[in-house]
Amino acid sequence: GTETSEKDTVGLGNESAGQLLTDIDSHWAEESIKELVGIGAVSGYPDGTFRPNNMITRAEFATILVNALELEQRSGKVYQDTAGHWAEKTISTAANYGIVSGYDENTFGAKDPVTREQMAVMIVRAAKLSQVIEEISFKDKDNISDWAKDGVTIAINNGIINGYPDQTLRPQGNATRAEAVSVILKTIKSFGE
């Protein structure tokens, strides 16, 4: 059905665990990408690319996180804009586990790019990371939304999310597929400890 084809187009199917990706050689996240593809939590696109620097949507991120942590499917909230969406079940599962929340009662924003602060909060909720709240010293830390401050701080203190070489965090910036993979892989490793 259409569900599979749309899933394939976002590089999320797990049919391609042995797939050789053509565009990740010497990318900073090459090893992380190979590892996550190897366990079937994410895949390349049908044309053999991974497109590591492309943005990743909220639906895609939630789905890879649910797959990577091998969370049992549960029925949770279905938002008006996720009903019938290819990721309806994984978003619903993530909502049931308390990993994601919508913008409001009806809207999840499945197709919106996930921001780095949203990614941090989802990760902290998913992995139940310890509440290390030490002061962080990025130049742009005042740009972190109030609701995300604790989550971002915990993710940084647990070594899950890093800043950029210029000492910025870019919390409102859109996460790339490579950043998402790297963060999820670190989460799996902390989850398993």
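What you see is a predicted model, and the numbers here were worked out from it, not measured in a lab.

> What should I look at first to understand the side chain of T93 in this one?
Relative to the helices and strands, T93 resides in helix α4 (residues 88-96). Among the polar contacts listed, one links the side chain of T93 to the backbone oxygen of K89, at a separation of 2.9 Å. Non-local contacts of T93, meaning those with residues more than four positions away in its chain, are made with V66, L71, E72, Q73 and R74.

> Just checking my understanding: could you explain α4 for this structure?
Every α-helix winds through 3.6 residues per turn, so residues three or four apart in the chain are directed the same way. Among the residues of α4, T90, I91, S92, T93, A94 and A95 are the ones counted as buried. With its phi angle positive at about 80 degrees, G98 sits one or two positions after the end of α4.

> Would you explain the packing of helix α5 (residues 116-127) against helix α6 (residues 149-157) in this entry?
Packed helix pairs are characterised by how far apart their axes lie and by the angle those axes make with each other. Contact geometry for α5 and α6: axes closest at 8 Å, N-to-C directions at 75 degrees. For the element pair α5 / α6, the angle class is roughly perpendicular. Residues E117, A120, V121 and V124 of α5 pack against G151, V152, I154 and A155 of α6. Grouping the amino acids of the contact of α5 with α6 by side-chain chemistry returns six nonpolar, one polar and one charged.

> Before we go on, may I ask you to explain the nonpolar core in this structure?
Taken as a class, soluble globular proteins show a tendency for nonpolar side chains to be buried jointly. Counting 57 residues, the largest nonpolar core has L36, F61, L65 and I161 as the members making the most contacts within it. Secondary-structure elements contributing two or more residues to this core are α2 (30-38), α3 (58-68), α4, α5, α6 and α7 (177-191). In terms of residue count, the dominant contributor to this core is α5 (eight residues). In contact with L65, not counting residues within four places along its chain, are I99, M122, I123, A126 and I184.

> How should I be thinking about empty space enclosed by the protein in this particular structure?
In this approach the atoms are scanned with a rolling probe the size of a water molecule, which exposes any empty space left behind. Taken as a whole and judged by the stated rule, the model has one cavity of 30 Å³ or more. Lining the largest cavity are R116, E117, A120, V152, I161, L169 and P171. Among the elements that take part in the lining of the largest cavity, α5 stands out by supplying three residues, more than any other. For the lining of the largest cavity, the class distribution of residues is five nonpolar, no polar and two charged.

The rules behind the values
- Residues numbered from 1 in each chain as written.
- Predicted model: local features only at pLDDT ≥ 70, side-chain atom pairs only at ≥ 80, totals over all residues.
- Heavy atoms only, no water.
- Helix = DSSP H or I, 4+ residues; strand = E, 2+ residues; numbered from the N terminus.
- Polar contact = N/O pair within 3.5 Å; in protein donor to acceptor, adjacent residues only side chain to side chain.
- Contact = heavy atoms within 4.5 Å.
- Buried < 20%, exposed > 50% of the residue type's maximum accessible area, 1.4 Å probe, protein only.
- Axes fitted to C-alpha atoms, helices over the stretch in contact; angles between N-to-C directions.
- Parallel < 35°, antiparallel > 145°, perpendicular 65-115°, else oblique.
- Nonpolar A, V, L, I, M, F, W, Y, C, P; charged D, E, K, R; others polar.
- Core = buried A, V, L, I, M, F, W, Y, C linked by side-chain atoms within 4.5 Å.
- 1 Å grid on protein atoms, 1.4 Å probe; cavity = no way out; pocket = protein on both sides within 12 Å on 5 of 7 lines; lining within 4 Å.
- Points joined across faces, edges and corners; volume = space filled by probe spheres on them.

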